[in-house]
Amino acid sequence: MTAHLPPRSRLVHDALRAAGIPGDIVVLPDAASTAALAAAALGVEVGAIANSLVFWSDGEPLLVMTSGAHRVDTTALAGRLGRGAIARATPEQVRDATGQAIGGVAPAGHPAPITTVVDEALADYPEIWAAGGTPHTVFPLTFDELVRLTGGVVAKVG
């Protein structure tokens, strides 16, 4: 059933099933490495795309699942979380932390758990879409499922 999926997406699929999330990973014909491209390919609002952004803070990766309609205010978020500076992770740090490349980072299927923040604005959408481990794969889920899948802290990120 998952033989058609890239290996990274199979790991995400397994994580979804382990969390009891029924959404299937969809393989898109073209890469959707940005929220705008994903929204256009899926015919949904850009705000319903759950961007997976990896940052580095306090010596560890920090995954921020943000609405495609928002930018992360790293200074404000660091203050809300009681953390030191939050900076964008390098491509190498992203791959080391997630096993996935920028543009296709999923909220799950990583080599080890990553501290995660989920943008409260994603709760405004009955269905959201997240990357499935590659720039060509996505999957649907609800806000509550995303929080459960990631074990994330819900916060304002903008």
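Values in this document were obtained by computation on a predicted structure and should not be read as measured data.

Analysis parameters
- Residues numbered from 1 in each chain as written.
- Predicted model: local features only at pLDDT ≥ 70, side-chain atom pairs only at ≥ 80, totals over all residues.
- Heavy atoms only, no water.
- Helix = DSSP H or I, 4+ residues; strand = E, 2+ residues; numbered from the N terminus.
- Rg over C-alpha atoms; globule rule 2.2 N^0.38 Å.
- Buried < 20%, exposed > 50% of the residue type's maximum accessible area, 1.4 Å probe, protein only.
- Contact = heavy atoms within 4.5 Å.
- Areas by Shrake-Rupley, 256 points an atom, 1.4 Å probe, with all protein chains shown as cover.
- Lys, Arg positive; Asp, Glu negative; His and termini not counted.
- Charge placed at Lys NZ, Arg CZ, Asp CG, Glu CD.
- Pairing = 2+ DSSP bridges.
- Core = buried A, V, L, I, M, F, W, Y, C linked by side-chain atoms within 4.5 Å.
- Arc of directions from axis to C-beta.

**Q** Please clarify how the overall build of the protein chain should be interpreted in this entry.
**A** A tally of helices and strands in the protein chain yields five helices and eight strands. When the elements of the protein chain are put in sequence order from the N terminus, they spell out α-β-α-β-β-α-β-α-β-β-β-α-β. Scaling as 2.2 N^0.38, a compact globule of 158 residues should have a C-alpha radius of gyration of about 15 Å, and the protein chain matches this with 14 Å. Along the first, second and third principal axes, the C-alpha atoms of the protein chain reach 45 × 30 × 30 Å. Within the protein chain, the proportion of its 158 residues that are buried is 50%. Taking contacts inside the protein chain between residues at least 6 apart in sequence as the whole, the part at least 24 apart equals 61%. Surface accessibility of the protein chain: about 7,300 Å² in total, with carbon and sulfur atoms responsible for 56%. Averaged over its 10 positive side-chain charges, the protein chain has a centre that lies 4 Å from the centre of its 15 negative ones.

**Q** Where do I start with the pairing of strand S5 (residues 115-119) in this structure?
**A** Strand residues, when the strand is regular, have side chains that alternate between the two faces of the sheet. Most of S5 sits inside the fold, with four of its five residues counted as buried. Inspection of the sheet shows strand S3 (residues 60-67) paired to S5 by four bridges, in the parallel sense. Directly across from Val 64, in S5, lies its bridge partner Val 117. Strand direction decides the pairing type here: S5 and strand S8 (residues 153-155), joined by three bridges, are parallel. Of the residues in S8, the one forming a bridge with Val 118 is Val 154.

**Q** I would appreciate a short explanation of the pairing of S3 in the present structure.
**A** By the criterion of burial, S3 is predominantly enclosed, with seven of the eight residues buried. For strand S2 (residues 49-57) and S3, the ladder comprises eight bridges, and the chain directions are antiparallel. Its bridge partner lying in S3, Leu 53 is registered against Val 64. Two successive antiparallel strands, S2 and S3, enclose a turn made up of two residues, where Asp 58 displays a positive phi of approximately 50 degrees.

**Q** For this particular structure, what's the right way to read the nonpolar core?
**A** Side chains that are nonpolar tend, in soluble globular proteins, to be buried together. Ranked by internal contacts, the top residues of the largest apolar core, which has 27 residues, are Phe 139, Leu 141 and Leu 146. Taken together, the elements giving at least two residues each to this core come down to helix H1 (7-18), S2, S3, helix H4 (91-98), strand S6 (128-131), strand S7 (137-141) and helix H5 (143-150). Tallying contributions element by element places H5 first for this core, with three residues. Ignoring sequence-local partners within four residues, the contact set of Phe 139 consists of Val 12, Leu 16, Asp 24, Ile 25, Pro 107, Ile 128, Trp 129, Ala 130, Ala 131, Gly 132 and Leu 149. Of all hydrophobic cores here, the second largest spans 11 residues; its members include Leu 53, Val 64, Leu 77 and Ala 155.

**Q** Is there a simple way to explain H5 in this structure?
**A** Residues that lie three or four places apart on an α-helix share one face, since the helix turns once every 3.6 residues. Buried residues of H5: Phe 143, Glu 145, Leu 146, Leu 149 and Thr 150, and no others. Axial view of H5: buried residues confined to an arc of 160 degrees, hence all on one face. Once H5 ends, the next one or two residues include Gly 151, with phi positive near 65 degrees.

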